[in-house]
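# Structure at a glance
Here are the chains, one letter per residue:
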Amino acid sequence: MKVLGIETSCDETGVAIYDTEAAGRLLGHCLHSQVELHAGYGGVVPELASRDHIRRLPLLLEQLFAETALTVADLDAIAYTAGPGLAGALLVGASVAESLGMARGIPVLPVHHLEGHLLSPLLSADPPAFPFVALLVSGGHTQLMRVRGVGDYALLGESVDDAAGEAFDKTAKLLGLGYPGGPQLAKLAESGDARRFRLPRPMLHSGDLDFSFSGLKTAVLNVVSRPDWRAEQAADLAAAFQAAVVDVLCAKAVAALKTTGLKTLVVAGGVGANRHLREVLDAALGKRGGRVHYPEPALCTDNGAMIAFAGALRLAAGERRTSPPSVRIRPRWPLTELRTPQAERA
Ligand code: KG4
Ligand code: ZN
């Protein structure tokens, strides 16, 4: 079965085709990032994002079909990101997916964006086995989940305010870096000395698995507002901020493994690309005889491959379109509401 995946939830247009035959493999994926479009505004402008998805999606689909030497007629199903995300942006992918599916008479599956992220490490050459703990760290979410299988997600803890990626982006702005801030802050931090500034580790000892990052951003604001602040110290402050976020993420992830008695950690979402986070997590789990799995680098941020893959797994778990075609999106959609027909029967 060949499943087309379409991702348009935020500022990346992504399409991919996943083939479930043999061991399953990705036949191709194409991506267009809107970074340049939004850069001048310092953040994502929803209306511009929607319009750009409309412009890019047909071109990307043409490119994908050319690269894979396939046509729409070769597809067996279509999966699209139905939420969470920007409503206008989601509608673009949803309408294209539903129309193509209706024209071809094939199943169309609305996919949860975070489920896509969470399952994306299973696309790597050495995939993790269920059950595992997932640390989801994106621009909109910071969550620890116990994952027993596809559609079986229990929330262990989450951020009570800013998401980790959001904290990176907002702190980058305070340091005068452009959008998207996370990768730029991480790059600057590499040349800094984290010990030059002492920043708090919010909720490190809260006794639960929740996070808070907005106070850390305020702590950075306090430093850059001091009269003796010098721009040359930005790399040190970036490193100190990154170290604080990573310390808390790592401590809570390890606590989640202890609580659940599991040994495997899966890290997904844009912040999962952070090098320092990976080093610290790898070392911490290595010490405990555990292991961390990440998506392939190209699949860390938003992409169509993870949506095609999640759709394929949902099809395999018995999900079928029964209702008449309709454009379904859910801009707000808790991951824990997901089930699969298989999980319902269990
Ligand atoms: O998963 P993602 O692509 O989109 C959402 O679903 O939100 O994550 C984007 C987030 C942004 O906040 C971005 O700044 C952050 O991931 N990010 C990073 C890095 N690369 C991306 N944060 C820290 N270090 C990085 N290397
Ligand atoms: Zn994402």
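Below: a short report on this structure. Worth saying up front: this structure is predicted, and the values here are computed from it rather than measured.

### Some points on the overall build of the protein chain
- Looking only at helices and strands, one finds 11 helices and 10 strands in the protein chain.
- Scaling as 2.2 N^0.38, a compact globule of 346 residues should have a C-alpha radius of gyration of about 20 Å, and the protein chain matches this with 20 Å.
- In terms of principal-axis extent, the alpha carbons of the protein chain reach across some 65 × 45 × 30 Å.
- Scored against the burial criterion, the 346 residues of the protein chain give a buried share of 51%.
- For the protein chain, long-range pairs separated by at least 24 residues make up 72% of all intrachain contacts whose partners lie at least 6 apart in sequence.
- Carbon and sulfur atoms form 53% of the exposed surface of the protein chain, whose accessible area is close to 14,900 Å².

### A look at the layout of surface pockets
- Of the voids in this model, the second largest pocket is the one considered here, and its volume is about 270 Å³.
- Forming the walls of the second largest pocket are 15 residues, and the residues nearest its centre are Pro110, Arg314, Glu319, Trp333 and Leu338.
- The element contributing the most residues to the lining of the second largest pocket is strand β5 (residues 108-112), with 3 residues.
- Classifying every residue of the lining of the second largest pocket gives 7 nonpolar, 2 polar and 6 charged.

### Section: the packing of aromatic side chains
- Within the structure shown, the criterion is met by 5 aromatic pairs.
- A centroid spacing of 5.1 Å and a plane angle of 70 degrees characterise the contact between Tyr18 and Phe309, whose relative ring orientation is edge-to-face. Of this pair, Tyr18 sits in strand β2 (residues 12-19) while Phe309 sits in helix α10 (residues 305-316), and the two are 291 residues apart along the sequence.
- On the basis of relative accessible area, Tyr18 is assigned to the buried category, the value being 8%.
- Judged by its relative accessible area of 5%, Phe309 is buried.
- Where Phe211 meets Phe213, the ring centres are 6.0 Å apart and the plane angle is 20 degrees; that geometry is what we call stacked.
- What makes Phe211 buried here is its relative accessible area of 0%.
- One Lys or Arg, Arg278, reaches over the ring of Tyr294 and ends 4.1 Å from the middle of that ring.

### Re the coordination of the zinc ion (ligand 2)
- Within the protein, the atoms that donate to the zinc ion (ligand 2) are His113 (NE2), His117 (NE2) and Asp302 (OD), at distances of 2.0 to 2.1 Å.
- In primary sequence terms, the donor set of the zinc ion (ligand 2) follows H-x3-H-x184-D. Of this pair, His117 sits in helix α4 (residues 113-119) while Asp302 sits in the loop between β10 (291-293) and α10, and the two are 185 residues apart along the sequence.
- The class of His117 is buried, set by a relative accessible area of 1%.

### Description of the state of the cysteines
- Tallied over the entire structure, the rule returns 0 disulfides.
- Distance from the sulfur of Cys10, which forms no disulfide, to the nearest cysteine sulfur (Cys300) is 16 Å.
- Cysteine Cys30 remains unbridged, with the sulfur of Cys300 as its closest cysteine sulfur at 19 Å.
- Cys30 gets classed as buried once you look at its relative accessible area, which sits at 4%.

### Quick word on the sheet that holds strand β7 (residues 142-149)
- Read across the open sheet, the 5 strands follow the order β8-β7-β6-β9-β10; overall the sheet is mixed. Edge positions in the sheet fall to β8 (152-158) and β10, since each has one partner strand and no second. Looking at each pair of strands side by side, their axes are set apart by 25 degrees on average, direction ignored.

Quick notes on the rules
- Residues numbered from 1 in each chain as written.
- Chains lettered and ligands numbered in written order.
- Predicted model: local features only at pLDDT ≥ 70, side-chain atom pairs only at ≥ 80, totals over all residues.
- Heavy atoms only, no water.
- Helix = DSSP H or I, 4+ residues; strand = E, 2+ residues; numbered from the N terminus.
- Rg over C-alpha atoms; globule rule 2.2 N^0.38 Å.
- Buried < 20%, exposed > 50% of the residue type's maximum accessible area, 1.4 Å probe, protein only.
- Contact = heavy atoms within 4.5 Å.
- Areas by Shrake-Rupley, 256 points an atom, 1.4 Å probe, with all protein chains shown as cover.
- 1 Å grid on protein atoms, 1.4 Å probe; cavity = no way out; pocket = protein on both sides within 12 Å on 5 of 7 lines; lining within 4 Å.
- Points joined across faces, edges and corners; volume = space filled by probe spheres on them.
- Nonpolar A, V, L, I, M, F, W, Y, C, P; charged D, E, K, R; others polar.
- Phe/Tyr/Trp six-rings, centres within 6.5 Å; stacked < 30°, edge-to-face > 60°.
- Lys NZ or Arg CZ within 6 Å of the ring centre and 35° of its normal.
- Donors = N, O, S within 2.8 Å, 3.2 Å for Na, K, Ca; no water.
- Disulfide = S-S within 2.5 Å.
- Pairing = 2+ DSSP bridges.
- Axes fitted to C-alpha atoms, helices over the stretch in contact; angles between N-to-C directions.

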